[in-house]
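Breakdown of the fold
Okay, here's what each chain looks like letter by letter:
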Amino acid sequence: MFRPVIGSGTLSALGALYLLFFLNRTFWSKIHTYLSPYPVAITALYVAMSALFIAMITIFSVKYLIKPFLASLIVIAASASWFIDRFSVIVDSDMVRNVFETTPAEAGNLLTWGFVSYMAMFAGLPILFLALVRVRHRSFPQKLMRNTVTVLGCVAIVGFIGFANSKTFTTAIRQHRDIVKSINPLTPISSTVHYLTQAGHEAKIIAEPIGLDAKVMASAGGVRKPRVTVIVAGETARAANFSLNGYARDTNPELAKRDIVYFPNTSSCGTATATSIPCMFSKFTRAEYTHAKGLANENVMDVLSHAGISATWWDNNTGSKAVADRIDFTDLAATNDPRFCTGGECKDEIFMERLDKWLDSITKDSVVVLHQMGSHGPTYYLRYPQEFKKFTPDCETAELANCTDAQIVNSYDNSLLYTDHFLATIIDKLKARSDKLATGMIYASDHGESLGENGLYLHGTPYLLAPDQQTHVPFLVWFDNDFAKSMGLDRACMAKEATAGAHSHDNFFHSILSMMNVQTSVYDPKLDIFNRCRSNQVS
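**Notes on the packing of helix α2 (residues 25-34) against helix α3 (residues 39-59)**
- The geometry of α2 relative to α3 is characterised by a closest axis approach of 10 Å and an angle of 150° between their N-to-C directions. In terms of their interaxial angle, α2 and α3 are classed as roughly antiparallel. Judged by the twist between their axes, the crossing of α2 over α3 is right-handed. Along the contact surface, α2 presents F27, W28, I31 and H32, while α3 presents I42, L45, Y46 and M49.
- Among the residues forming the contact of α2 with α3, the class breakdown is seven nonpolar, one polar and no charged.

Spelled out as structure tokens, the structure:
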């Protein structure tokens, strides 16, 4: 079979230019937007980036290496460009962590026919070309000399253009930090290396005990019933679409009829589950938190256990992110109950039957975490039963590009309507057992979601660049009369406290301890949302 012959240097240049100009649409779009007043600088950047990519590929222009190296880069860049261009995501180390910690079902929602077609065209065809051509290599001394000259020449071009346009480029990068983070495949590769290095260190971490001095203080008001708190860790709910937060659509019709306390100005610790869940259950504030710190220290569930409280975690998501490593844990999605589950994912209704049995069996102070599937995208339409399909037409596909933004919002709002029902049903179940138990519930979403604002979809944007839609989350509490009495809590005071200022996931750890009347040295009253409204206020 005839196979065309191509020089290794030419192949390196073609591969570099293909990666730069066919798989970096978002990067160049941002360059033309941010540098629009400087057309000369844009032209210069085209030359400099071309030289930079050619230099990087040429370094690996070696026999037996160039083809697999280029093929690997093309697969990485093509898969990254699909998500970068479609959803405007930034593939930083946190996003890579999300990829490594995802479930097959969650990954399956993203591996659509559109993605497969895109990969066939932008990765499959170039790799087929690589397989067909014969690469002509020079002798080693000639190759070494030629490659060295090429690389040094390209570096000189990059250096000259960078120096000549330093003020323009430096100002743009400082004002728009997402420019560098959008370069494909450099950012995905560097982020993956950073994550793997970090993961290697983190694998050796053993959690240090905290709150070993924890103990449950006597209930106020003479309450002697077992005290129960249901913690609902929400998923992908943004405050902007909660009618409790002022959204025009009535997405919280049932919660509005319950005696809840809603905190309208609450921010998340992160923009993705892998960061926010361990952070919100840790003793650290967002400013202090790192993933390594979260692993190196026990969390609020451990402190509750040290105090003698029964602590349990039920998961309908992608796991507890190590939060439940030392307590009773149940993966409900793994049950694949056909009443609630399809394709490895389950609607949140799967919690209810188990919750009834659990509540009826309680004989001591207890806490359970319900980690929701909530409004996880892009398949929002799979998160709610048909009877909650109120806002139509909705988007019934994972291919968000095939739906209008209005359809996407309709599906998302339907998922919030179902979460509203889910939370209200929990409250009703708790209230129905108030004769035997003192009951409370605390709910906060782990992060928000972008639904097309400024061309951005889903979540996971680096926090410094993230829009308010990804960091402003719903946060609420409910308690029956005996639970409030057992805390010495003034309900009227709480209503004022909720709207008095800003709150965040920083409050979660300490407020849960407060709800269960736990006294410990790791408790900070300044971060407890209840403290100012308790008769036994801690200074």
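**A closer look at the nonpolar core**
- V230, V232, L370, I426 and M441 are the most contacted members of the largest nonpolar core, which totals 54 residues.
- Once residues lying within four places of it in the same chain are set aside, the contact partners of M441 are V230, V232, L423, I426, I427, L430, L476, V477, W478 and M515.
- Grouped together as the second largest cluster of nonpolar side chains are 47 residues, F281, M301, A324 and A438 included.

**Overview of the environment of S366**
- Tracing the chain through its elements places S366 in strand β11 (residues 366-371).
- With sequence-adjacent residues up to four places away left out, S366 is seen in contact with R227, V228, T229, I309, S310, W358 and M516.
- A polar side-chain atom of S366 sits 2.8 Å from the main-chain carbonyl oxygen of K364.

**Things to note about a nonpolar patch on the surface**
- On the surface, a cluster of nonpolar side chains totalling about 320 Å² of accessible area is made up of I59, F60, V62 and L65.
- Assignment of secondary structure puts V62 in the loop between α3 and α4 (66-87).

**Observations concerning α2**
- All buried positions along α2 are accounted for by T26, F27, W28, K30 and I31.
- Close packing links the buried residues of α2 with α1 (8-22), α3, α4 and α10 (178-181).

**Quick word on unusual backbone geometry**
- In this model, N184 is joined to P185 through a cis peptide bond whose omega is 5°.
- Relative to the elements of secondary structure, P185 occurs in the loop between α10 and α11 (186-202).
- The residue after G377, namely P378, is reached through a cis peptide bond having omega 5°.
- One non-glycine residue, Y64, lies in positive phi territory at about 75°.
- Looking at where Y64 falls in the secondary structure, it is placed in the loop between α3 and α4.
- Y64 gets classed as exposed once you look at its relative accessible area, which sits at 74%.
- The phi angle at A322 is positive, at roughly 80°, despite the residue not being glycine.

**So, the pairing of β11**
- The buried count for β11 comes to six of six residues, which makes it a mostly enclosed element.
- Burial along β11 is two-sided: S366, V368 and L370 facing one way and V367, V369 and H371 facing the other are all buried.
- Here strand β4 (residues 227-234) pairs with β11 via six bridges, running parallel. Counterpart to T229 in the pairing with β11 is V367.
- Bridging between strand β7 (residues 310-315) and β11 involves six bridges; their strand directions are parallel.

**A short note on the sheet that holds β7**
- Spatially, β5-β15-β12-β4-β11-β7-β8 is the arrangement adopted by the seven strands of the open sheet, whose pairing is mixed. Each edge of the sheet is formed by a strand with only one pairing partner; in this case those strands are β5 (261-262) and β8 (328-331).
- As judged from the eight bridges shared by β4 and strand β12 (residues 438-445), these two strands associate in the parallel manner. Counterpart to I231 in the pairing with β12 is I442.
- Strands β4, β11, β12 and β15 (475-479) of the sheet are contacted by helix α16 (residues 405-431), whose axis makes an angle of about 165° with β12.

Reading the values: the criteria
- Residues numbered from 1 in each chain as written.
- Predicted model: local features only at pLDDT ≥ 70, side-chain atom pairs only at ≥ 80, totals over all residues.
- Heavy atoms only, no water.
- Axes fitted to C-alpha atoms, helices over the stretch in contact; angles between N-to-C directions.
- Helix = DSSP H or I, 4+ residues; strand = E, 2+ residues; numbered from the N terminus.
- Parallel < 35°, antiparallel > 145°, perpendicular 65-115°, else oblique.
- Left-handed = near helix turned anticlockwise from the far one by under 90°.
- Contact = heavy atoms within 4.5 Å.
- Nonpolar A, V, L, I, M, F, W, Y, C, P; charged D, E, K, R; others polar.
- Core = buried A, V, L, I, M, F, W, Y, C linked by side-chain atoms within 4.5 Å.
- Buried < 20%, exposed > 50% of the residue type's maximum accessible area, 1.4 Å probe, protein only.
- Polar contact = N/O pair within 3.5 Å; in protein donor to acceptor, adjacent residues only side chain to side chain.
- Patch = residues over 30% accessible without salt bridge, like charges linked within 9 Å, V, L, I, M, F, W, Y side chains within 5 Å.
- Areas by Shrake-Rupley, 256 points an atom, 1.4 Å probe, with all protein chains shown as cover.
- Salt bridge = Lys/Arg side-chain N within 4 Å of Asp/Glu carboxyl O.
- Pairing = 2+ DSSP bridges.

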